[in-house]
Structure formats: structure tokens, C-alpha cells
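Inside the fold
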Amino acid sequence: MASDTAKQPPLIQIDRVSRHYQAGDTLVKALDEVSLTIERGEFVAVMGQSGSGKSTLMNILGCLDTPTSGTFRVNGHDVSAMTPDQLAALRLKTFGFVFQRYQLLAPLTARENVALPATYAHVPVEQRLNRAEQLLDKLGLGDRADHKPGELSGGQQQRVSIARAMINGAEVILADEPTGALDSQSGKQVLALLQQLNREGSTVILITHDAHVAEHADRQIHISDGRIQSDSAPAPTLDIAASEPAPPAFTSVGFAEAVSTALKALRFNWFRTALTLLGIVIGVGAVVAMMAIGEGGKQQVLDRIESMGTNLLLLRPGGGNTRSSGEMATLTVQDGEAVSQLPGVSYVAPERNSRATIRFGNRDYNGRIQGTTPDYIHVRDWGMARGVFFTEQDMDSMAPVIVIGQTVAEELFTQGEDPVGQYVFLKSAVYQVIGVLEAKGATSGGSDMDEMMLIPLSTGRVRVFGRDHLSTITIKVESTDRLDEVQAAVESLMLQRHGREDFMVRNTASLIE
Ligand code: ADP
Ligand code: MG
């Protein structure tokens, strides 16, 4: 046995790994040439102050993010040379994640939450729920399997999330501040549980700023300013050249072939991006062309705009009187609440958006990130292709959850890989994908609705946008007949609230004209 392990490459080996961020003019070295080896069965704590690079390290270890430079090997395989399918398999079977805020899905029971990652491992439903139940039993929550997260204490929710991390038999549990939101008693239970799992064979990597928490691990690594300051029990560093001959257990892809596959994937993505762009251009062009075709064509255009919803009003900041004066835009969440009280209004969705790059493993996609409220899908008459939309509870808890459009799903995930339940990376934070929207296509304005990434407005205001003004308030009117009446009411309410016309209201019927 001992000679066996000697021959095996280390579980995790990172060699001079850096992760740099460009923040305006300054280069932030979140990780600066870090080298680290972790063997199977270790219980390691990574410790450091806030901003020291802990989460950056965890995201790279869990293949949620990729290093700017340096090599990262899992079981001897260079992660940067893996194909998307290999990476997906690795992520699915090797790593289980536990986060400070549990990240459980509010509408699902404990059992369903635990079973979720097994969905995309293609485990049959019966088997998955049984396994989830066994895990919950083992973690002392057998009698809570049918409870929803809102009916569980923080400590219980964290134990559910640990069960979820283990459902696919993860070799490595990555826990980022798992006790950060718990009282000390529940925190101790969670740490005891991690110790127990480690004794039973799991490798545990615990990330914490708290020295008392770190004491529960066998090995403590201190990082500060993106560098390792100390390591209480460094694993013997293997000479990489010596470990090279280890036969790749899970692929026989040679270097040249791996490079060519990676290049192909890249080219393929470019091609797809170009096609998407072309689709938008054609969409807009087609609308213009049809306008010229005459009545027959016009009807099609009208049908198309109708399908977007004809009974919508768009309330936006800025207006005829303020445009030139450069005054601050002032649309607020309270404006949205006030508007929702008006007669004839059925739903209101405040929206704030910008562009951002979302990442899943080694795939990137630049799309439109939008913070909004649960009513958004009602306003837009939009259905879910998979999973669920976020809820009021997610709003209250500022849940790090995300619902993605079809294009985003296609760009980030391989076929047969279910996005729901996966963790993605956006603006240096991790979000769990809870749903995928139905395909919607381009609007007449030329924006591709399927490139949308939706997060709770509350989460967005803390993590992405800041607390300032909204981009749009979209208002759904009960029926098209009442559009003008409600528009007038919105205008006078807003004038009253703001004391000046620093807003504008557009209706989709005027688009038709
Ligand atoms: P920790 O988890 O230890 O608090 P992080 O790994 O989150 O630290 O961040 C490490 C450093 O990198 C911090 O200085 C942080 O501000 C910076 N950083 C993280 N993500 C980004 C980003 N997307 N853009 C710019 N700087 C970032
Ligand atoms: Mg952190």
C-alpha cells in the first residue's frame, strides 16, 4: 500500500500559481506565485485576513476559476490542458463545495437540495433521493429531510449543504468560511462533522480568517497578500519531473492533441459568438426590411412585438428636460413600489444592469447581468426551461443565486451538463445557477434576451452595482386598453415624487407605431 501511494501523484499540486486582476490602472495580485501540494486524506486550513487571497485560491482549486499563470494539477493532470468535458467530469466527481451562506435553494426540501448535484451526474431520481436521505441521516438530520431551508437553523442548513457537497462522492471538500455565519455552538458541530468526514477518508480544505477554526485542521497554511507566509506541515514537494511518468489514469490525450482540442474549442466558440452577433444583426435588419415590405410583412413584425408583450411601460431615468444639464439619474426602488400601487398595474420589475463576464471552469461568456425582483418573469411573460426563478426569500437573504438565458447556458456548459446546481463565477464572487430561462431571441431593439444573467436585485446592489439608481422599471399593465391611462398616471406620480421630469416613460405600443 505504502509503495502504491508513493507512486501516485499528489491529489493537488499547484506550482507558482498567480491570479491577477486588473482594477482600473492597478494590477491586483490576488495570488502571487503560490506553490502548494496537498495529499489525499489531508485536513488543511488556509488562513488569512480578509482580502489575502483565500477565496481566489479556493476558486482555482475547485476549478471555478483559472490561474493567470502557473500550473495546477489534480491527480497529476494539468487542469489547463483538459477539455471542457474532462473538466466537467473532474469538477463533478472530485470537488464538493461548502459556502458561508449555505446556498441552499429556498423552494426545495433538504432532501431535494442534497440530491441536486446528483441530477447532473445522471443518477436516477429514486437512487438520488435515497442517497440524499442516507447522507442526511448520517449528518443527524434524518427527521428534517422534508423541511425547507427556511424551516431549519443556520447550523442545520450548513449540515444540509455539507451533505450536498458529498452526494457525488467528492474526494475533496472545499469549505470557504463554513462557520462564518454560525453561532459558536453550531460552528463547533460543523467543524466536528468535517473532522469526522476527514477521518472517513475525505480530503478537507477549510478556508477561514479565524485561528480558532483553523486549529481543527491538521495542517495550517497562512496566506497574506496572495503569498504563503507559513505552512505548519508542508507535504514533501515532489520533483515534478520525477512524477511526470505517472500514467494518466483518466485520459490518454497527449500534449499536442490536448492543445489542438483546446484550439478547436476556442475556434468553435468564436464561430458561435459570431453567429450570435449575426443573429442579432439579422433580427434588427429583418424588422427594418419588413417595414418596407408592406402590410403582410408588417403583420409579422407586429406579431413579433406582441410576443414581447404589448402591455408594457418602460420607466427610465433622464428626460427631455434634464438630458443636457447632466443631472444625476434618480430612479429608485421606492419609485417602483409606488408605481406598483397604481390601479391598472399588474406587475412591476425594477431592473439594474451592466455587462459582465461569467465564468464556469475554463469557459467565459460576456453577457448582460441584471439585478431584478421575482416578478420579473411575470412582467416579461418568461418561462423557465429548467430549474426555478429566485424568490422573495432569496431577495431577503441576498442569496448568491443566478438564473441564466439560453445563450449563456449554451456557451458555458457542454451538452448533457445540467447548469442547474452548478457554481459559476462572476465579478469575483461565486453564484449557484438555479434556473435556465426559455429561449426568447432578440428584441426589436436588437438586444439578445438570451444573453441575460439575472440575480436578485438585493444581491446585485451589494455585490455588483452598488446602491445607486435603477436602470429601468418595467411595468406590466393589466390590459393594452389601459396603457395610455396608466402611462399618464405613472407620469404624474413620478412628477409628484421627483418634483421634475427627470424620467421618461415609453410604451411598447409606441414601438409598434
Ligand atoms: P479573501 O477571500 O482572502 O478575503 P479574495 O481572494 O476574495 O480574498 O481577494 C484577494 C484580493 O484580490 C483582494 O485584494 C481583492 O480585492 C482582490 N480581488 C478579488 N477579486 C477581484 C476582482 N474581480 N477584481 C479586482 N480585484 C479582485
Ligand atoms: Mg473570501
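Refer to the structure above for everything that follows.
An account of the accompanying structure is given in this report. Quick caveat, the model's predicted, so the values are computed rather than measured. Sequence order as written defines the numbering, with residues in each chain counted from 1. Whichever chain is written first is A, and whichever ligand is written first is 1; the rest continue in order. The predicted origin of the model limits local features to residues at a pLDDT of at least 70 and limits the giving and counting of side-chain atom pairs to 80 or more, whereas totals for whole chains, interfaces and linings rest on all residues. Only hydrogens and water are set aside; all other atoms, that is, all heavy atoms of the structure, feed into the side-chain values.

Observations regarding the packing of helix α6 (residues 154-166) against helix α7 (residues 184-199)
Operational definition: Geometry is summarised by axes, namely lines fitted to C-alpha atoms with helices restricted to the contacting stretch, and by angles between N-to-C directions that run from 0 to 180 degrees. Per the convention used, a helix needs a DSSP run of H or I reaching at least four residues, while a strand needs a run of E reaching at least two, with both numbered from the N terminus. Roughly parallel means an angle under 35 degrees; roughly antiparallel, over 145; roughly perpendicular, 65 to 115; everything else is oblique. Each helix crossing is assigned a hand: it is left-handed if the near helix lies turned anticlockwise from the far helix by less than a right angle, otherwise right-handed if that turn is clockwise. We call two residues contacting when some pair of their heavy atoms lies within 4.5 Å. Three classes are used: nonpolar for Ala, Val, Leu, Ile, Met, Phe, Trp, Tyr, Cys and Pro, charged for Asp, Glu, Lys and Arg, and polar for all others, with Gly counted as polar.
For the pair α6 and α7, interaxial distance at closest approach is 9 Å and the crossing angle is 20°. As far as their axial angle goes, α7 and α6 are roughly parallel. Regarding α6 and α7, the two cross each other, and that crossing is right-handed. The segment α6 lies against α7, with G155, Q158, R159, I162 and M166 engaging S186, Q189, V190, L193, L194 and L197. Partitioned by chemical class, the residues of the contact of α6 with α7 number six nonpolar, four polar and one charged.

Things to note about the site of ligand 1
Spelled out, the test is: Summary of the distance rule: residues count as near a molecule or strand when at least one heavy atom falls within 4 Å of that molecule or strand. Think of a polar contact as two N or O atoms within 3.5 Å of one another; within protein, one of them needs to be a possible hydrogen donor and the other a possible acceptor, and neighboring residues in sequence only count if both atoms come from side chains. Here, Shrake-Rupley sampling with a 1.4 Å probe gives the accessible areas, and only protein chains in the shown set may cover a residue.
Taken together, the neighbourhood of ligand 1 is formed by Y21, V28, A30, Q49, S50, G51, S52, G53, K54, S55, T56 and S428. One nitrogen or oxygen atom from the main chain of S52 is found 3.2 Å from an oxygen atom belonging to ligand 1. A distance of 2.8 Å separates an oxygen atom of ligand 1 from a polar atom in the side chain of S55. In isolation ligand 1 offers 560 Å² of accessible surface; the protein chains occlude 69% of this area. The set of elements that each furnish at least two residues to the shell around ligand 1 consists of β2 (26-38) and α2 (54-61). Of the residues forming the shell around ligand 1, the biggest block, three residues, is contributed by α2. In the shell around ligand 1, the residues fall into three nonpolar, eight polar and one charged.

Focus on the packing of aromatic side chains
Condition: Aromatic pairing here means that ring centres of Phe, Tyr or Trp (its six-membered ring) are within 6.5 Å. Orientation follows from the plane angle: under 30 degrees is stacked, over 60 is edge-to-face, and everything else is tilted. Burial status follows relative accessibility: with a 1.4 Å probe on protein chains alone, a residue under 20% of its type maximum counts as buried, one over 50% as exposed, and anything between as partly exposed.
In the structure shown here, the tally under the stated rule is six aromatic pairs. Ring geometry for F97 and F99: centres 6.0 Å apart, planes at 5°, overall stacked. No difference in accessibility class separates F97 from F99, as the two residues are buried. On the numbers, 4.4 Å between centres and 40° between planes, the contact of F360 with F413 is tilted.

Details of unusual backbone geometry
Positive phi, normally seen in glycine, also occurs at N75, with a value near 50°. Within the fold, N75 resides in the loop between β4 (69-74) and β5 (77-78). The exposure class of N75 is partly exposed, given its relative accessible area of 24%. One non-glycine residue, M398, lies in positive phi territory at about 50°.

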